[in-house]
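# Summary of the model geometry
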Number of protein chains: 2
Amino acid sequence: MSGLESLDKPVPPEKLEELCVAAMLKAGLKKKHAEITARVLVSTDLWGVFTHGTKQLRGLLKNIRDGRLDPKAEPEVVRDVPAAALVDGHFAMPMVSSTRAMNLAIEKARELGTAFVGVTHSGHFGAAGYYANMAAENDMIGLSMCNVEPFMTVPGAKGRVLGTNPIAYAIPAGEEPTVFLDIATSAVAVSKVFAARARGEEVPPTWFVDADGNPSTDPSKIDDGAMLPMAGHKGYGIAVLIEVLSAVLTGSAVMSEVKSWALDLPEPSNQGHAFMVINPSVFMPVEEFKTRVDAMIREIKSAPKALGATRIYLPGEMEWERREKFLKNGIELPSDVVANLKLMAEEWGVEL
Amino acid sequence: MSGLESLDKPVPPEKLEELCVAAMLKAGLKKKHAEITARVLVSTDLWGVFTHGTKQLRGLLKNIRDGRLDPKAEPEVVRDVPAAALVDGHFAMPMVSSTRAMNLAIEKARELGTAFVGVTHSGHFGAAGYYANMAAENDMIGLSMCNVEPFMTVPGAKGRVLGTNPIAYAIPAGEEPTVFLDIATSAVAVSKVFAARARGEEVPPTWFVDADGNPSTDPSKIDDGAMLPMAGHKGYGIAVLIEVLSAVLTGSAVMSEVKSWALDLPEPSNQGHAFMVINPSVFMPVEEFKTRVDAMIREIKSAPKALGATRIYLPGEMEWERREKFLKNGIELPSDVVANLKLMAEEWGVEL
């Protein structure tokens, strides 16, 4: 018995972390790096964001096996001024470089009011929202972003031009949950098109264009197609900003230079990341700030409801409710995540 | 002859600035403040963004006449740490407070790598993009944002909940024009609905909802309606972030506390603003950064074109081309702008 059959039932987060750590140790990671990475991935599953949680560890370890990530590397601060810095990940596990960078931004912002830390020589860092929340746990506002390989068209073009570059933020509240958003700059996340294909369903024509640049409802056409930016030229513009802050500014791979972390390629993806922190205590006592955030949240939630709506959600609210439930009852992993974890466990010879 | 008839022909920007300065002097502004404000408004017209240029001066001067803005006030830095600060506008002309704040952010970022400066006790600051471009003129990346009175619904709600909070950025390039975006977080700017009403045209059902929360194509319904956020929950989430950075954090009016600057109300609008600057020279020589921005721009522009498209525009590119044309030939002011300027000139007894 490998114990892996227990993944089919709600699994306690610490068990899931153990499995992830065990696999990463086999792949050559230091214990501390494995623990950091497991925490990022399991925290993401706890929010119910399963596309970006432990499901991705198998691919990340494949990146190590293929030499695209270096399990022994230590991220290094290569440029450091009072309120900004650049971390060279040296192709360490991207969660390790990103956690290091966000911790540095938090330290700097605590002292100076705000900070910006970039990361280069990195790869797929999982859910951007995790790092933004690190700042919120320290009573500060956090932003986190990353460039990815081109998968999105832009107005006037037809093929894949820019990545669906994600951006996340987290804002600490008082009695209310942290406000947090984690979005791709495409109309929807690419994974939604793949999910529709797996279910044999059509998608709305606003999600992506086919190889000729025409809107398509057939998800099988995504293989030669390109996602549409959210809100047309507005999402395009925001994706450009993220490309610049994450990659142009940090000296990382830009646009077509980025190699998908999820494909069988020899080169590192060399994605860049950017982290920003703003310290509210510069402006007022932090408790007053959090009370003001609470008031904003309550005003939004108490707005008159649309026909058929019973509740208005703040960004992140659904995620916190799923986390609360999963912490109590164990995480209900979807079957595709379980299948992936079992394959990973087999490949690296680990048990639960 | 008042000379105002020359507004009906292409007008040299310096002439337009003179007219604006003259009116502001009559309203009691110091010469320096009047010149700063005229520069913001005329620069906006030069980009062809006429909704936010000199057309707005009449309303701003009305704010002064109504005691909602104080023409004699001097903005004051009331909190100051190395990489962040808060400017109390004391209800000075908002362009003056905003220029002061962005200049401070630029100074701080030049030395420290990044900076965040907020503004409170302010009002309508015009086009967010102007301030972002101040950073780009100094070889830095600038962000600029503002909260406004609620005019947008959020998912699950039906009335006006949040402002159409604008955000702008500017990124300096080398041989290519500065990349710059200035957007409302609503599906489209409110002014587009008003413009459709003025022309007697319908609008797409994705722009706004009527008083019952149903999508409407009849622009006359906007009076009791609410704009839709861009890209649904994504635009909603970004508007929340802007509300927090501009207003919750700076101690300004939040959501329903904001009084529209454009209405006849006695209280100041008390909007807040936020400015961020990131200094690329922390990461690499600035010329190298600008060369990398150029490369990104050229890769985007050279992407295969969609059917019927002949050209891909970078954010801001259309605005720079209009500016170039208007600098050469004079600004072709639309008739609504001219009518507004003539009324203003009459109200304040100024000539051109």
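Let's shift gears to the packing of aromatic side chains. Residue and element names in this part refer to chain A. With the rule as written, the count across this model stands at 18 aromatic pairs over all chains. Taken together, a centroid distance of 4.6 Å and an interplanar angle of 45° make the contact between tryptophan 47 and phenylalanine 180 tilted. Of the two residues, tryptophan 47 sits in the loop between α2 (31-46) and α3 (57-65) while phenylalanine 180 sits in strand β6 (residues 179-183), which places them 133 residues apart along the sequence. The structure contains a cluster of three or more aromatic residues connected by ring pairs, namely Phe125, Tyr130, Tyr131 and Phe275. Over the face of the ring belonging to phenylalanine 151 we find arginine 160, whose NZ or CZ atom lies 3.8 Å from the ring centre.

To continue, consider the relation of the copies chain B and chain A. A rotation about an axis combined with a shift along that same axis relates the two copies of the chain. For the pair chain B and chain A, the relating rotation is 180°, the translation along its axis is 0.0 Å, and the fit reaches an RMSD of 0.0 Å. Those values place the two copies in the arrangement expected of a two-fold rotation axis. Of the C-alpha atoms belonging to chain B, the one lying closest to the rotation axis is found on alanine 231 of chain B, 2.6 Å away. Both copies share a contact surface, since 100% of the interface residues of chain B are interface residues in chain A too.

Along its sequence, chain A is organised into domain 1 (13-68 + 330-347) and domain 2 (188-228). The distance between the C-alpha centroids of domain 1 of chain A and domain 2 of chain A comes to 28 Å.

Time to look at empty space enclosed by the protein. All told, the structure shown has 3 cavities of 30 Å³ or more when counted by the stated rule. Roughly 310 Å³ of internal volume is contained in the largest cavity. In terms of lining residues, the largest cavity is bounded by 23 residues, among which Ile167 and Leu241 of chain A together with Leu143, Ile167 and Leu241 of chain B are the most central. Going through the elements one at a time, β4 (141-146), β5 (167-171), β6 and α7 (233-248) of chain A together with β4 (141-146), β5 (167-171), β6 (179-183) and α7 (233-248) of chain B are the ones with two or more residues in the lining of the largest cavity. Residue classes in the lining of the largest cavity are distributed as 23 nonpolar, no polar and no charged. The space that makes up the second largest cavity amounts to roughly 50 Å³. Along the walls of the second largest cavity sit Glu176, Pro177, Thr178, Val179, Ile297, Lys301, Leu314, Pro315, Gly316 and Glu317 of chain B, which together make up its complete lining. Looking at the lining of the second largest cavity residue by residue, the class counts come to 5 nonpolar, 2 polar and 3 charged.

So, on to the interface of chain B and chain A. Between chain B and chain A, the residue contacts involve 75 residues of the former and 75 residues of the latter. Taken over both partners, the interface formed by chain B and chain A buries close to 6,000 Å², and the fraction arising from carbon and sulfur atoms is 74%. Counting the surface chain B buries against chain A, the share from its top three residues, Lys234, Leu249 and Phe283 of chain B, is 12%. For the interface between chain B and chain A, the tally reads 0 salt bridges. Between chain B and chain A we count 26 residue pairs in polar contact (both at pLDDT 80 or more) in total. The dominant element in the side of chain B that touches chain A, judged by the number of residues it contributes, is α7 of chain B, at 12 residues.

Now for the sheet that holds β6 of chain B. Residues and elements named next belong to chain B. The mixed open sheet is built from 7 strands, whose spatial order is β1-β2-β3-β10-β4-β5-β6. Each having just a single partner strand, β1 (76-81) and β6 make up the two edges of the open sheet. In this sheet, neighbouring strand axes are inclined to one another by 10° on average, regardless of whether the strands run parallel or antiparallel. Bridging between strand β3 (residues 114-122) and strand β10 (residues 271-278) involves 7 bridges; their strand directions are antiparallel. Each residue of the ladder has a partner; that of alanine 115, found in β10, is valine 277.

Let us now look at the sheet that holds strand β1 (residues 76-81) of chain A. Within a sheet, adjacent strands bond to each other through the backbone by hydrogen bonds, running parallel or antiparallel. Residues and elements named next belong to chain A. Within the open sheet, the 7 strands sit side by side as β1-β2-β3-β10-β4-β5-β6. Their pairing is mixed. Whereas interior strands pair on both sides, the edge strands pair on one side only; in this sheet they are β1 and β6. Strand-to-strand twist of the sheet, defined as the mean angle between neighbouring strand axes without regard to direction, takes the value 10°. Packing of helix α4 (residues 94-112) onto the sheet brings it into contact with β1, β2 (84-88), β3 (114-122), β4 and β10 (271-278), and relative to β3 it is tilted by some 165°. Helix α5 (residues 128-137) rests against β4, β5, β6 and β10 of the sheet, and its axis sits at about 25° to β5.

All names here are of chain B. Look at helix α2 (residues 31-46): 22 Å from first C-alpha to last across 16 residues, which is about the 22 Å you get at 1.5 Å a residue. Counting buried positions along α2 yields 12 of 16 residues, so the element is predominantly enclosed. Glycine 48 occupies a position one or two residues after α2 and carries a positive phi of about 80°.

Across all of its chains, the model carries 40 salt bridges over all chains by this definition. Of the charged contacts in the structure, one is a salt bridge between glutamate 332 of chain A and lysine 325 of chain A, with a shortest N-O distance of 3.6 Å. A relative accessible area of 40% places glutamate 332 of chain A in the partly exposed class. For the salt bridge of lysine 31 of chain B with glutamate 35 of chain B, the shortest nitrogen-to-oxygen distance reads 3.1 Å. Of this pair, lysine 31 of chain B and glutamate 35 of chain B both sit in helix α2, separated by 4 residues, roughly a single helical turn.

All names here are of chain B. Take arginine 68: it is sitting in the loop between α3 (57-65) and β1. The side chain of arginine 68 is buried and forms no salt bridge, while glutamate 267, the nearest opposite charge, is found at 5.5 Å. A polar side-chain atom of arginine 68 sits 3.3 Å from the main-chain carbonyl oxygen of tryptophan 261. Separated by 2.5 Å, the side chain of arginine 68 and the backbone oxygen of glutamate 267 make a polar contact. Ignoring sequence-local partners within four residues, the contact set of arginine 68 consists of Asn63, Phe91, Lys259, Ser260, Trp261, Leu263, Leu265, Pro266, Glu267, Pro268 and Ser269.

In this section: the environment of threonine 99 of chain B. Residue and element names in this part refer to chain B. Note on placement: threonine 99 falls in helix α4 (residues 94-112). Overall, the relative accessible area of 10% leaves threonine 99 in the buried class. Between the C-alpha atom of threonine 99 and that of alanine 136, which follows or precedes it by 37 residues, the distance is 14 Å. Leave out the neighbours within four places in its chain, and threonine 99 touches Ile36, Val40, Tyr131 and Met134.

Taken residue by residue, chain A gives an average pLDDT of 97. The fraction at 70 or more is 100%. Among the prediction metrics, the complex's ipTM stands at 0.98, with pTM recorded as 0.98.

Positive phi outside glycine occurs at histidine 90 of chain A, with the angle close to 50°. With respect to the helices and strands, the residue histidine 90 of chain A is situated in the loop between β2 and α4. In this model, aspartate 139 of chain B sits at a positive phi of 65°, which is unusual for a non-glycine residue. Tracing the backbone shows aspartate 139 of chain B in the loop between α5 (128-137) and β4.

Glancing now at the nonpolar core. Core analysis: the biggest nonpolar cluster contains 112 residues, and Leu245 and Ile300 of chain A together with Leu245 and Ile300 of chain B have the highest contact counts within it. When sequence neighbours within four positions are dropped, the list of residues in contact with leucine 245 of chain B reads Ile141 and Ile278 of chain A together with Phe116, Met145, Thr250, Ala274 and Met276 of chain B. Formed by 66 residues, the second largest nonpolar core is a distinct cluster that contains Leu4, Val11, Leu61 and Met140 of chain B.

For alanine 195 of chain B, the position within the fold is in helix α6 (residues 190-199). Each C-alpha atom, one on alanine 195 of chain B and one on glycine 48 of chain B, is 15 Å from the other, the two residues being 147 residues apart in sequence.

Rules used in this analysis
- Residues numbered from 1 in each chain as written.
- Chains lettered and ligands numbered in written order.
- Predicted model: local features only at pLDDT ≥ 70, side-chain atom pairs only at ≥ 80, totals over all residues.
- Heavy atoms only, no water.
- Phe/Tyr/Trp six-rings, centres within 6.5 Å; stacked < 30°, edge-to-face > 60°.
- Helix = DSSP H or I, 4+ residues; strand = E, 2+ residues; numbered from the N terminus.
- Lys NZ or Arg CZ within 6 Å of the ring centre and 35° of its normal.
- Least-squares fit on C-alpha atoms with pLDDT ≥ 70 in both.
- Contact = heavy atoms within 4.5 Å.
- Domains from an automatic or database assignment.
- 1 Å grid on protein atoms, 1.4 Å probe; cavity = no way out; pocket = protein on both sides within 12 Å on 5 of 7 lines; lining within 4 Å.
- Points joined across faces, edges and corners; volume = space filled by probe spheres on them.
- Nonpolar A, V, L, I, M, F, W, Y, C, P; charged D, E, K, R; others polar.
- Buried area = accessible area lost by both parts, 1.4 Å probe.
- Salt bridge = Lys/Arg side-chain N within 4 Å of Asp/Glu carboxyl O.
- Polar contact = N/O pair within 3.5 Å; in protein donor to acceptor, adjacent residues only side chain to side chain.
- Pairing = 2+ DSSP bridges.
- Axes fitted to C-alpha atoms, helices over the stretch in contact; angles between N-to-C directions.
- Expected span 1.5 Å × (residues − 1).
- Buried < 20%, exposed > 50% of the residue type's maximum accessible area, 1.4 Å probe, protein only.
- Lys, Arg positive; Asp, Glu negative; His and termini not counted.
- pLDDT = per-residue confidence, 0-100.
- Core = buried A, V, L, I, M, F, W, Y, C linked by side-chain atoms within 4.5 Å.

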